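Architecture and fold: a report
Okay, here's what each chain looks like letter by letter:
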Amino acid sequence: MGLFDVFKKSKPNATVKVSAPVVNTVHVETFPSRNGLSVGEDLLLFYCRRGLLPLKEGKATPRFWARTYEIHDVNAALAALSKKGFIYLADNGKYTLTPLGEQECAENEYIEFMHNHSSLSVSLPEMNALVAKNPGSNYKDLLWGALNQKLTEYAQAGKDGLYSGIRHNFAQLGMEDGRYKDALFEFGYICFLSINSKARFDNENISSNLAPGIIKDIKSCAEHLNISAEELERFFESSFQNLFASDRKLSNKDTAKMIVDAVCKQ
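The sections below set out a description of the structure shown in this document. (Residues numbered from 1 in each chain as written. Predicted model: local features only at pLDDT ≥ 70, side-chain atom pairs only at ≥ 80, totals over all residues. Heavy atoms only, no water.)

1. Details of the packing of helix H1 (residues 39–49) against helix H4 (residues 99–107)
Running from N to C, H1 and H4 cross one another at 115°; their axes reach a closest spacing of 10 Å. Taken as axis vectors, H1 and H4 run roughly perpendicular relative to one another. Relative to H4, the crossing made by H1 is left-handed. Along the contact surface, H1 presents Asp42, Leu45, Phe46 and Arg49, while H4 presents Gly101, Glu102, Glu104 and Cys105. Classifying every residue of the contact of H1 with H4 gives 3 nonpolar, 1 polar and 4 charged. (Axes fitted to C-alpha atoms, helices over the stretch in contact; angles between N-to-C directions. Helix = DSSP H or I, 4+ residues; strand = E, 2+ residues; numbered from the N terminus. Parallel < 35°, antiparallel > 145°, perpendicular 65-115°, else oblique. Left-handed = near helix turned anticlockwise from the far one by under 90°. Contact = heavy atoms within 4.5 Å. Nonpolar A, V, L, I, M, F, W, Y, C, P; charged D, E, K, R; others polar.)

Written out as structure tokens, the structure is:
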């Protein structure tokens, strides 16, 4: 299912400050992998696969290993993984994956992905639980399902900032996957709500409600799609037909024009 199919007619209140997600932490009970490794141990394997371990002599251990993954001694953890047959120390001084280590990484790709996407509204512990409860399922399908579920819950509860945060997740993932048209719809949706929003925003200068970072991403998507300002404006005007805002300020045409004007000024 594409992003254009996701809750176009949802009706959250129109206040759309994007909420920052809570930083992912694994200081909760998590499920071990099929081979009995913890989330942190699996992440060590991914770092070994990238040739990043062991750390260079004299280099401080990044705090996230202890703070987020409860690995307080990286070298000791690496030695334990080597003893278990997941890695070995190669002639170049770097830890290298054994076939067992390669298999472990292949079965737990979600861990590296979630570690590299800590701003998502679904946490690594949540994904760990979903993967454990749905063996054999594609982790990205599970992620999209979890995001869609939260989107529905936030819309029904009127948690507008969190709702917009999910839509921003959709847009960012769309850009990353090269689905620029889908991402453009999501960025436009966020801008649509920002323009047609409640009084916490600047009602005298409505265009100031548009986040510069989102405008920059819209411009990037348009450039990848090689579409003109006129085409972008028509795209947004058409996209807004089925969207709802509880404090409508501008028509769809004027809303689209305001967004495109902001893009052209960057």
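2. Re the layout of surface pockets
Empty space left among the atoms is revealed by rolling a probe the size of a water molecule over them. Considering only enclosed or pocket space, the largest pocket measures out at about 330 Å³ in volume. As for the largest pocket, its lining consists of 17 residues, of which Glu107, Asn108, Tyr110, Val131 and Ala132 are closest to the centre. Looking at the lining of the largest pocket, the elements with two or more residues in it are H4, helix H5 (109–115) and helix H6 (124–133). Broken down by element, the lining of the largest pocket gets its largest block of residues, 3 residues, from H6. The residue makeup of the lining of the largest pocket, split by class, is 8 nonpolar, 6 polar and 3 charged. (1 Å grid on protein atoms, 1.4 Å probe; cavity = no way out; pocket = protein on both sides within 12 Å on 5 of 7 lines; lining within 4 Å. Points joined across faces, edges and corners; volume = space filled by probe spheres on them.)

3. Structural notes on the pattern of salt bridges
Throughout the structure, instances matching the rule amount to 10 salt bridges. The residue lysine 84 makes a salt bridge to glutamate 41 at a minimum N-O spacing of 3.6 Å. Taken together, the residues span a long stretch of sequence, with lysine 84 in the loop between helix H3 (74–83) and strand E1 (87–89) and glutamate 41 in helix H1 at a distance of 43 residues. Its salt-bridge partner being arginine 49, residue glutamate 109 comes within 3.5 Å of it at the nearest N-O pair. Of the two residues, glutamate 109 is situated in helix H5 and arginine 49 in helix H1; the sequence distance between them amounts to 60 residues. A network of salt bridges, in which partner residues are shared, links Lys140, Asp177, Arg179 and Asp182. (Salt bridge = Lys/Arg side-chain N within 4 Å of Asp/Glu carboxyl O.)

4. Examining helix H7 (residues 139–157)
Here H7 spans 27 Å end to end across 19 residues, near enough to the 27 Å set by a 1.5 Å rise per residue. Considered for burial, the residues of H7 that qualify are Tyr139, Leu142, Leu143, Trp144, Ala146, Leu147, Asn148, Lys150, Leu151, Tyr154 and Ala155. Among the structural elements, H5, H6 and helix H8 (160–176) are those in contact with the buried residues of H7. The distance from a side-chain oxygen at the start of H7 to the backbone nitrogen of lysine 140 is 2.8 Å, and the residue carrying that oxygen is asparagine 138. (Expected span 1.5 Å × (residues − 1). Buried < 20%, exposed > 50% of the residue type's maximum accessible area, 1.4 Å probe, protein only. Polar contact = N/O pair within 3.5 Å; in protein donor to acceptor, adjacent residues only side chain to side chain.)

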